[in-house]
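Working through the structure, step by step
Here is what each chain is made of, one letter per residue.
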Amino acid sequence: MIRKITTMFAALLLFTSLAHADHHGMKQDIVDVAAGNGSFNTLVAAVKAAGLVDTLKGEGPFTVFAPTDDAFAKLPEGTVESLLKPENKDKLVAILTYHVVSGKVMAADVVDLTSATTVQGSDVSVKASDKVMINDATVVMADVKAKNGVIHVIDTVLIPQ
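What counts as what
- Residues numbered from 1 in each chain as written.
- Predicted model: local features only at pLDDT ≥ 70, side-chain atom pairs only at ≥ 80, totals over all residues.
- Heavy atoms only, no water.
- Helix = DSSP H or I, 4+ residues; strand = E, 2+ residues; numbered from the N terminus.
- Salt bridge = Lys/Arg side-chain N within 4 Å of Asp/Glu carboxyl O.
- Buried < 20%, exposed > 50% of the residue type's maximum accessible area, 1.4 Å probe, protein only.
- Pairing = 2+ DSSP bridges.
- Axes fitted to C-alpha atoms, helices over the stretch in contact; angles between N-to-C directions.
- Contact = heavy atoms within 4.5 Å.

Further remarks concern unusual backbone geometry. Looking along the chain, the bond that leaves G60 and enters P61 is cis, with omega of 5 degrees. Looking at where P61 falls in the secondary structure, it is placed in the loop between α4 (53–56) and β1 (62–67). Residues other than glycine seldom take positive phi values, yet N135 does so here, at roughly 55 degrees. When you line up the elements, N135 lands in the loop between β5 (132–134) and β6 (137–146).

Now the structure itself:
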């Protein structure tokens with residue numbers, strides 16, 4: 001019961017902070033919205049290590065499936081640290097660009113999709129029913145707007161095959 005309440009409280013905090021980001025999002029790019037939230041510290045660090053900050057601050061539009069810090073914490077121990085090493089930059093870039101779709105895909109557009117091609121080049125599967133799934137990740141918050149696209153928050157890091 002306490003775990004359920006804690007989870008609901010955490011979701012409420014995430015929603016509140018992202019709703020605030022959404023209100024100001026049209027003045028901020030995707031990187032600034034994520035960095036200002038506090039739930040995407042690992043993602044922002046990875047984007048910096050991969051050298052993708054300028055790209056994701058670019059004109060876009062981009063659709064980003066943004067894993068939270070909790071999503072990164074679900075990876076096997078040592079994975080994030082390993083990926084952030086300079087010698088693994090290519091692998092990190094591949095993983096991060098697998099979270100990005102060119103264009104602005106809002107939640108209302110997902111109903112008609114079964115897949116989407118990522119900037120990395122591979123497709124992700126899209127399933128919309130009572131919840132939206134991107135591969136094995138659940139979209140926990142959709143349509144967080146930024147001036148150069150949209151963020152959909154996911155609970156699992158997407159790994160290309």
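Now, onward.
Turning next to the pattern of salt bridges. The full count for this structure, using the stated rule, is two salt bridges. Where K57 meets D29, a salt bridge forms, and the shortest distance between an N and an O atom there is 3.0 Å. Placement of the pair is K57 in the loop between α4 and β1 and D29 in the loop between α1 (2–25) and α2 (30–37), with a sequence separation of 28 residues. Judged by relative accessible area, which is 5%, D29 ranks as buried. Put simply, K57 and D32 hold a salt bridge, and the shortest N to O gap is 2.8 Å. Pair noted here: K57 is in the loop between α4 and β1 and D32 is in helix α2, with a separation of 25 residues, a long-range link. Residues participating in the shared-partner salt-bridge network are D29, D32 and K57.

Backbone-to-backbone hydrogen bonds pair the strands of a sheet. The strands run either parallel or antiparallel. The sheet built from seven strands is open, its strands ordered β2-β1-β7-β6-β5-β4-β3 with mixed pairing. Both edges of this open sheet fall to β2 (100–102) and β3 (115–117), since each of them pairs with a single strand only. Neighbour to neighbour, the strand axes of the sheet diverge by 30 degrees on average, direction disregarded. As paired elements, β1 and strand β7 (residues 149–154) share six bridges and run parallel to each other. By the bridge assignment for β7, V64 is matched with I151. Lying on the sheet, α2 is in contact with β1, β6 and β7; it crosses β7 at an angle near 35 degrees.

This part takes up the environment of S122. Within the element layout of this structure, S122 appears in the loop between β3 and β4 (123–128). According to the relative accessible area criterion, S122 is partly exposed, its value standing at 24%. When the C-alpha atoms of S122 and Y98 are compared, they prove to be 7.1 Å apart, with 24 residues separating the residues in sequence. The contact partners of S122, leaving out residues within four places of it in the chain, are Y98, A116 and T117.

Looking now at the pairing of β1. Burial within β1 is extensive, with six of its six residues counted as buried. Side chains F62, V64 and A66 of β1 all project onto a buried face; the interleaved residues T63, F65 and P67 project onto the opposite face, where all are buried too.

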